[in-house]
Amino acid sequence: MAEVGEIIEGCRLPVLRRNQDNEDEWPLAEILSVKDISGRKLFYVHYIDFNKRLDEWVTHERLDLKKIQFPKKEAKTPTKNGLPGSRPGSPEREVRKTLDLSLQPASAQASGKTLPIPVQITLRFNLPKEREAIPGGEPDQPLSSSSCLQPNHRSTKRKVEVVSPATPVPSETAPASVFPQNGSARRAVAAQPGRKRKSNCLGTDEDSQDSSDGIPSAPRMTGSLVSDRSHDDIVTRMKNIECIELGRHRLKPWYFSPYPQELTTLPVLYLCEFCLKYGRSLKCLQRHLTKCDLRHPPGNEIYRKGTISFFEIDGRKNKSYSQNLCLLAKCFLDHKTLYYDTDPFLFYVMTEYDCKGFHIVGYFSKEKESTEDYNVACILTLPPYQRRGYGKLLIEFSYELSKVEGKTGTPEKPLSDLGLLSYRSYWSQTILEILMGLKSESGERPQITINEISEITSIKKEDVISTLQYLNLINYYKGQYILTLSEDIVDGHERAMLKRLLRIDSKCLHFTPKDWSKRGKW
């Protein structure tokens, strides 16, 4: 058995932790750092295959020294700029990197029994332009069984995949019908023509995590907040802030945030909840509050209903607040990077009002000009307000802005694990709400197209299709695509909507979109 003094960075061994059920478990963890405080050693561990927000400092009593794996003795790997690597390689690291490159995200299969008489929606897809040259293929006819796009199967024969076989793109006029399986129409409504929009028919994977078609695009003229993982090192992999006091809440950060180095040794970092400026001590905060006259975020209040308000903040006009907001958000967002140049972004901050002022609940940011139809760059609900419906409210508000702008939108990829769950839930509920609300008239089957769903909701077509695939609703039946809504899905949706009490009221929104392309300077 190894001694405590032999443990170094890069070692792997089981570490004792409590799971969600308050039970002890021994997951494999990697030692990222070692420090000595008053003669007692502490070890910063990352649990393998767990999210980084669970990383923590532990004592040697929680380490299983009998199963320790020492790092391989090898030369330090040079980085892109020629400097040596930040730490020795740990066991299986190179193997894991190779596996990570080859693995593809698996599609989640929706579980639930199939009922004898489900409600069905028939979808007819036109052939994409890339397939019109196929002999015998007619653009105005449904795909035959031999050339049908079967959900959850991906072709690997094509070098450049403009339209993913897992995500067929319908034409703007492809009809869809709702009918019971026995053929008698329960309700029908004629499809209403929607407004025309420009949209890029790019293929997406089943998680809607990548909207690129593999073709190099023009250089971006605006900023993206996607994190460049190639520059991760031992510093940015470790949490550097112990605790943050924000108003009446104390927050425990999940990830690294580039606050000034001298603040990282403090037991608590104090923030003004209105301007988000940070201080070293409670006395500094109290002195600041006597001078700070803000009781709400700077910017224009564009929405208020009850105690919920939204403020629009220009990253150029309110640069200090925007930078402080990014610093705070980085404590809870791992997949995004921090831009000190906030000029290309707008920030929409959601607040809760009481007698003391407007308290920040969460926010999302978006580019003033997005060449890729992004309506969200970063989105965050602060931990004290999570699991209360505020995340879906932020997402719904972002799409409400897109409706006013007359565009379809999608969040910037990649999404965090919690972000992806929230978006999938919102997309599912929104689309099912439309499908279940279709009514029949004069005995005809109600019809709707993917484009019409996209235009009603402002959800991008690729996200609509990926959501239908995620819910496992798309089936191929008698030469056409149908959506099968089982009773389990209908009941689950109705239960979820009963719990969703917070909704955006479009009548309370006072928002005028700006054409940023006509402005020489923001």
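As the structure is a prediction and not an experimental result, all values here were calculated from the model.

Novice: Please explain the packing of aromatic side chains as it appears in this structure.
Specialist: Each aromatic ring pair is described using two quantities: the centre-to-centre distance and the angle formed by the ring planes. This structure, assessed with the given rule, holds 17 aromatic pairs. Both rings, one in tyrosine 303 and one in phenylalanine 310, keep their centres 5.8 Å apart while their planes meet at 75°; by these two values the pair is edge-to-face. No difference in accessibility class separates tyrosine 303 from phenylalanine 310, as the two residues are buried. Seen from their ring centres, tyrosine 385 and tyrosine 390 are 6.0 Å apart, and the 80° between their planes marks the pair as edge-to-face. Residue tyrosine 385 is classed as buried on the basis of its relative accessible area of 4%. For tyrosine 390, a relative accessible area of 5% gives the class buried. The ring centre of tryptophan 516 lies 4.7 Å from the NZ or CZ of lysine 368, which sits over that ring.

Novice: Mind showing me how you'd approach the sheet that holds strand S10 (residues 249–251) here?
Specialist: The strands making up a sheet associate through backbone hydrogen bonding, with each pair oriented either parallel or antiparallel. Strand order in this open sheet of four strands is S10-S9-S11-S12, and the pairing throughout is mixed. Two strands in the sheet have a free side with no partner beyond their single neighbour: S10 and strand S12 (278–279). Alignment of strand S9 (residues 244–246) against strand S11 (residues 269–271), held across three bridges, turns out to be parallel. When the sheet's bridge partners are listed, leucine 246 is paired in S11 with leucine 271.

Novice: What exactly am I supposed to notice about helix H6 (residues 450–457) here?
Specialist: Burial of H6 is extensive: seven of the eight residues sit out of reach of the surface. Within H6, the full set of buried residues consists of Ile450, Asn451, Glu452, Ile453, Ser454, Glu455 and Thr457. Following H6 by one or two positions, serine 458 has its phi on the positive side, about 65°.

Novice: Please explain the UniProt feature "active site" (unreviewed entry) in the chain as it appears in this structure.
Specialist: Residues annotated in UniProt with the feature "active site" (unreviewed entry) correspond here to Glu412. Here glutamate 412 shows up in the loop between strand S19 (410–411) and helix H5 (417–436).

Novice: Explanation requested: the pairing of strand S21 (residues 480–485) in the structure shown.
Specialist: Along any regular strand, the residues point their side chains to alternate faces of the sheet. With respect to burial, S21 is a largely interior element, six of its six residues being buried. Judged by which residues are buried, S21 turns out to be covered on both faces: Gln480, Ile482 and Thr484 on one side and Tyr481, Leu483 and Leu485 on the other are all buried. Bridge count for strand S20 (residues 474–477) against S21 is four bridges, and the pairing is antiparallel. Across the sheet, tyrosine 477 pairs through a bridge with glutamine 480, a residue of S21.

Novice: What's the story with the nonpolar core in this structure? I'm lost.
Specialist: One broad trend across soluble globular proteins is that nonpolar side chains are buried collectively. Counting 79 residues, the largest nonpolar core has Phe310, Leu328, Tyr363 and Phe397 as the members making the most contacts within it. Ranked by the residues each element gives to this core, the list is headed by H5, at eight residues. There are two domains that each give this core at least three residues, and those are domain 2 (238–413) and domain 3 (419–500). With near-sequence residues (within four places) excluded, leucine 328 lies in contact with Ile244, Leu246, Tyr259, Leu271, Leu276 and Leu382. Ranked by size, the runner-up nonpolar core spans 14 residues in total, among them Ala2, Cys11, Val15 and Tyr47.

Novice: I keep staring at unusual backbone geometry and nothing clicks. Help me out?
Specialist: Peptide bonds are trans in most cases, and residues, glycine excluded, mostly fall at negative phi. Cis peptide bonds are those with omega within 30 degrees of zero, and the linkage from lysine 413 to proline 414 qualifies with 0°. Following the sequence through the fold, proline 414 ends up in the loop between S19 and H5. Look at aspartate 49: it is not a glycine, yet its phi comes out positive at around 70°. The residue aspartate 49 is located in the loop between strand S5 (40–47) and strand S6 (56–58) in this model. A relative accessible area of 65% means that aspartate 49 is categorised as exposed. Located in the positive-phi region is aspartate 373, a residue other than glycine, with phi close to 60°. Its place among the elements puts aspartate 373 in the loop between strand S16 (357–367) and strand S17 (374–376).

Analysis parameters
- Residues numbered from 1 in each chain as written.
- Predicted model: local features only at pLDDT ≥ 70, side-chain atom pairs only at ≥ 80, totals over all residues.
- Heavy atoms only, no water.
- Phe/Tyr/Trp six-rings, centres within 6.5 Å; stacked < 30°, edge-to-face > 60°.
- Buried < 20%, exposed > 50% of the residue type's maximum accessible area, 1.4 Å probe, protein only.
- Lys NZ or Arg CZ within 6 Å of the ring centre and 35° of its normal.
- Pairing = 2+ DSSP bridges.
- Helix = DSSP H or I, 4+ residues; strand = E, 2+ residues; numbered from the N terminus.
- UniProt positions renumbered as here; feature names shortened; annotations may be inferred.
- Core = buried A, V, L, I, M, F, W, Y, C linked by side-chain atoms within 4.5 Å.
- Domains from an automatic or database assignment.
- Contact = heavy atoms within 4.5 Å.

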